[in-house]
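Survey of secondary and tertiary structure
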Amino acid sequence: INRGASAKVLKAFPNIIGVKRPELELPMKLNPSWVSGFVAGDGGFSIYVHPKAQSELERLSYRFYITQHSKDLNVMKLFINFFNTGIIYERSNPLTPRVDFIIQDINSIINLVIPHFESFPLNTLKQKDFETFKNAIYLIKNSANLNPMERKELLNKIKTLSLEMNSNREE
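Keep in mind that what you see is a predicted model, and the values were worked out from it rather than measured.

A word on the environment of leucine 163
Tracing the backbone through its elements, the reader meets leucine 163 in the segment after α6 (148-162). For the pair leucine 163 and alanine 136, spaced 27 residues apart in the sequence, the C-alpha separation amounts to 11 Å.

Quick notes on helix α4 (residues 106-119)
Compared with the 20 Å implied by 1.5 Å per residue over 14 residues, the 19 Å span of α4 between its first and last C-alpha is a close match. Here α4 has its buried residues at Ile106, Ser108, Ile109, Ile110, Val113, Ile114, His116 and Phe117. Residues of α4 that are buried sit in contact with α2 (32-42), β1 (43-49), β2 (60-69), α3 (73-83), β4 (98-103) and α5 (126-141).

Considerations on the side chain of lysine 126
Mapping lysine 126 onto the fold places it in helix α5. One polar contact links the side chain of lysine 126 to the main-chain carbonyl oxygen of valine 39, over a distance of 3.4 Å. If near-sequence neighbours (up to four positions away) are discounted, lysine 126 is found in contact with Val39, Ala40, Gly41, Gly43 and Gly44.

Re the layout of surface pockets
Empty space within the largest pocket amounts to approximately 350 Å³. Looking at the largest pocket, the residues that line it are Arg21, Pro22, Glu23, Leu24, Leu26, Lys71, Asp72, Asn74 and Val75.

Some thoughts on the nonpolar core
Of all hydrophobic cores here, the largest spans 38 residues; its most connected members are Phe45, Phe64, Phe79, Phe83 and Phe117. Looking at this core, the elements with two or more residues in it are α2, β1, β2, α3, β4, α4, α5 and α6.

Topic: the sheet that holds β1
Taken in spatial order, the four strands make up an open sheet running β1-β2-β4-β3, and their pairing is antiparallel. The sheet is open, and its two borders are formed by β1 and β3 (87-90), each paired with just one other strand. Put simply, the sheet's adjacent strands are angled 30° from each other on average, direction ignored. The sheet contact formed by β2 and β4 spans six bridges and is antiparallel. Residue pairing across strands places tyrosine 65 opposite isoleucine 102, the latter belonging to β4. Here α4 sits on the sheet and contacts β1, β2 and β4; the angle it forms with β2, its principal contact strand, is near 55°. α6 rests against β1 and β2 of the sheet, and its axis sits at about 145° to β1.

Let's talk about α6
For α6, with 15 residues, the first-to-last C-alpha span of 21 Å sits near the 21 Å given by 1.5 Å per residue. For α6, the set of buried residues is Arg151, Leu154, Leu155, Ile158, Leu161 and Ser162. The arc that holds every buried residue of α6, seen down its axis, measures 115°, which confines them to one face. Within α6, the exposed residues directed more than 90 degrees away from the buried face are Met149 and Glu153. Contacts made by the buried residues of α6 are with β1, β2 and α5. The opening residue of α6, the one whose side-chain oxygen lies 2.9 Å from the backbone nitrogen of methionine 149, is asparagine 147.

Reading the values: rules and limits
Residues numbered from 1 in each chain as written. Predicted model: local features only at pLDDT ≥ 70, side-chain atom pairs only at ≥ 80, totals over all residues. Heavy atoms only, no water. Helix = DSSP H or I, 4+ residues; strand = E, 2+ residues; numbered from the N terminus. Expected span 1.5 Å × (residues − 1). Buried < 20%, exposed > 50% of the residue type's maximum accessible area, 1.4 Å probe, protein only. Contact = heavy atoms within 4.5 Å. Polar contact = N/O pair within 3.5 Å; in protein donor to acceptor, adjacent residues only side chain to side chain. 1 Å grid on protein atoms, 1.4 Å probe; cavity = no way out; pocket = protein on both sides within 12 Å on 5 of 7 lines; lining within 4 Å. Points joined across faces, edges and corners; volume = space filled by probe spheres on them. Core = buried A, V, L, I, M, F, W, Y, C linked by side-chain atoms within 4.5 Å. Pairing = 2+ DSSP bridges. Axes fitted to C-alpha atoms, helices over the stretch in contact; angles between N-to-C directions. Arc of directions from axis to C-beta.

Below you can see the structure in the form of structure tokens.
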């Protein structure tokens, strides 16, 4: 139990003795299949269309992310080495001590993230999120020379795609 036993549990079971977690030696290089499995459990893909300026593609945000408890910061740093890009963001809320590995650069997503998950699929329902994310990213990448009406249509299409992902997905 990451934060120890609650007072209620300790009262009911006063003879509980904590065990120190063993220190694990982390690998220098991650196995690509393991990375996909890890992401299937603790990672994801998101696209968000900001409500303001609905006709501007610049109001989109997208990211590939992995989230862990802050005690696993060293594991998260391995993902920077694995993908050769990304940042680690440490959340400031002490009630939720979390760290996030994030890639938001479209070129890194296209050249590193997408090829990885094409070669090493997620093999879970999250694969559908990846496929939708990939489709939206390619639409965004190929949108540079659109006129305002085309941009608005594209933004609406990306909004629709974003509603097919994660907790919005209907099965």
